[in-house]
Amino acid sequence: ILAGFTVLRSLYDEATTLFIAIGKPNIPTRVHFIQTLIMLILGPIAVYTIGTKGMAVVINIMLLIGVTIIYYYIARQIAVPYRKIFVAPILSICLAILGVIFITPYLLITSQLLRLIIKIGLCSIIYFISLIILEKKELVDKMNFIKRLWQERDDLIEDSYYRF
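Throughout what follows, the structure given in this document is the object of discussion. None of the values given here were measured: they were computed from a predicted structure. (Residues numbered from 1 in each chain as written. Predicted model: local features only at pLDDT ≥ 70, side-chain atom pairs only at ≥ 80, totals over all residues. Heavy atoms only, no water.)

### Examining the pattern of salt bridges
Here is the rule we go by: Every case where a carboxyl oxygen of Asp or Glu lies within 4 Å of a side-chain nitrogen of Lys or Arg is listed as a salt bridge. A run of H or I in DSSP counts as a helix once it spans at least four residues, and a run of E counts as a strand once it spans at least two, with each numbered from the N terminus. In this scheme, a residue with accessible area under 20% of its type's maximum is buried, one over 50% is exposed, and one in between is partly exposed, where area comes from a 1.4 Å probe on protein chains only.
By the definition in use, this model includes 2 salt bridges. Linking D13 and R9 is a salt bridge whose minimum nitrogen-to-oxygen distance equals 3.1 Å. Pair noted here: D13 and R9 are both in helix 1 (residues 3-21), with a separation of 4 residues, about one helical turn. For D141, the salt bridge identified is with K137, shortest N-O distance 3.0 Å. Of this pair, D141 and K137 both sit in helix 6 (residues 136-163), separated by 4 residues, roughly a single helical turn. We classify D141 as partly exposed; its relative accessible area is 39%.

### Some words on the packing of aromatic side chains
So the rule is basically this: Between 30 and 60 degrees the pair is tilted, below 30 it is stacked and above 60 it is edge-to-face, where a pair is any two Phe, Tyr or Trp rings, Trp via its six-membered ring, whose centres lie within 6.5 Å. Distance and angle both matter: a charge sits over a ring if NZ of Lys or CZ of Arg is within 6 Å of the ring centre and within 35 degrees of the ring normal.
Taken as a whole and judged by the stated rule, the model has 2 aromatic pairs. Seen from their ring centres, Y127 and F128 are 5.2 Å apart, and the 75° between their planes marks the pair as edge-to-face. On the accessibility criterion, F128 (49% relative accessible area) is partly exposed. The ring of W150 is capped by R153, whose NZ or CZ atom sits 4.5 Å from the centre of that ring.

### Description of a nonpolar patch on the surface
Which entries qualify depends on this criterion: Patches in this entry comprise residues that are over 30% relatively accessible and not in a salt bridge; like charges within 9 Å are linked, as are nonpolar side chains (Val, Leu, Ile, Met, Phe, Trp, Tyr) within 5 Å. Computed with the Shrake-Rupley method and a 1.4 Å probe, the accessible areas treat only the protein chains shown as cover for residues.
A surface patch of nonpolar side chains, amounting to about 850 Å² of accessible area, comprises F33, I34, L37, L40, I41, L42, I45, V57, I61 and I65. Of all the elements, helix 2 (residues 26-49) adds the most residues to the nonpolar patch, at 7 residues. Of note, I65 is situated in helix 3 (residues 52-77).

### Points about the state of the cysteines
Cut-off, in case you're wondering: By disulfide we mean two sulfur atoms from cysteines, separated by a distance within 2.5 Å.
With the rule as written, the count across this model stands at 0 disulfides. Left without a disulfide partner, C94 is nearest to the cysteine sulfur of C123, which lies 11 Å away.

### A word on the side chain of R115
Put simply, the rule reads: Asp and Glu are treated as the negative residues and Lys and Arg as the positive ones, with His and the ends of the chain left uncounted. For this analysis, a polar contact is any N or O atom pair within 3.5 Å, provided that within protein one partner can donate a hydrogen and the other can accept it, and provided that sequence-adjacent residues contribute only side-chain to side-chain pairs. The criterion used for residue contact is that any of the two residues' heavy atoms lie within 4.5 Å.
Inspection of the secondary structure assignment puts R115 in helix 5 (residues 112-134). There is no salt bridge for the buried R115, and the closest opposite charge comes from E135, which lies 31 Å off by N-O distance. A polar side-chain atom of R115 sits 3.3 Å from the main-chain carbonyl oxygen of I109. The residues contacting R115, other than those within four sequence positions of it, are T104, L107 and I109.

### What to know about the nonpolar core
Quick reminder of the rule: Only buried Ala, Val, Leu, Ile, Met, Phe, Trp, Tyr and Cys residues count toward a nonpolar core, and they belong to the same one when joined by side-chain atoms within 4.5 Å.
In this structure, Y12, I70, Y71 and I74 are the most contacted members of the largest nonpolar core, which totals 14 residues. Sorting the residues of this core by element identifies helix 1, helix 2 and helix 3 as the ones contributing at least two each. No other element matches the 6 residues that helix 3 contributes to this core. Excluding its chain neighbours within four sequence positions, the residues that come into contact with I70 are Y12, A15, T16, F19, I27, P28 and V31.

### What about the packing of helix 2 against helix 3?
The condition is simple: Helix axes are fitted only over the stretch in contact, all axes being lines through C-alpha atoms; the angle between N-to-C directions runs from 0 to 180 degrees. The labels follow the angle: roughly parallel below 35 degrees, roughly antiparallel above 145, roughly perpendicular from 65 to 115, and oblique for the rest. When the near helix sits turned anticlockwise from the far one by under a right angle, the crossing is termed left-handed; a clockwise turn instead gives a right-handed crossing. Gly falls in the polar group here, along with every residue not listed as nonpolar (Ala, Val, Leu, Ile, Met, Phe, Trp, Tyr, Cys, Pro) or charged (Asp, Glu, Lys, Arg).
Their axes nearest at 9 Å, the elements helix 2 and helix 3 cross at an angle of 160°. Here helix 3 runs roughly antiparallel to helix 2, going by the angle between their axes. Pair helix 2 / helix 3 crosses with right-handed handedness. Packed against helix 2, whose contacting residues are I27, P28, V31, I34, Q35, I38, M39, L42, G43, A46 and V47, the element helix 3 presents G54, M55, V58, I59, M62, L63, I65, G66, I69, I70 and Y73 at the interface. Taken together, the residues of the contact of helix 2 with helix 3 sort by class into 18 nonpolar, 4 polar and no charged.

### Things to note about the packing of helix 4 (residues 82-103) against helix 5
Where helix 4 contacts helix 5, the axes come no closer than 8 Å and their chain directions differ by 140°. For the pair helix 4 and helix 5, the sense of crossing is right-handed. Packed against helix 4, whose contacting residues are A88, P89, L91, S92, I93, L95, A96, G99, V100 and I103, the element helix 5 presents K119, L122, C123, I126, Y127, S130, L131 and L134 at the interface. Considered class by class, the residues forming the contact of helix 4 with helix 5 number 14 nonpolar, 3 polar and 1 charged.

The structure is reproduced here in structure tokens:
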């Protein structure tokens, strides 16, 4: 349940830092206020009805709403190619989760720890393979860029070596 928290929190933190950097800290403050209201209203209800898992769900809802609002404000400041940024990772996550859901019943392992390790490994493998397939061109472009930077770095080191 808290896997969503991990992804959403990093997106949220980076976005709020952007507004602080451009001198508009009031926007993240407003979003924090909205999130606080969500937690105060939905938190006790969720804990009372569902228990601690309910609070985990409320935290994800709170962060999803916060990320949505903060990215709305970002889009008003700069052009953000949302499809390019989010579609491939979201599809990869969905494929990884579906893969684990469909394959897990066929695991004939009784050890919970070993099942967890296999699920994490399987989820990671499916995620990265699908991401590589979906983002092949972008990955190749980035690898070529890194190679070019590395070569320029080596050339600079070589030039500075011969100067001395």
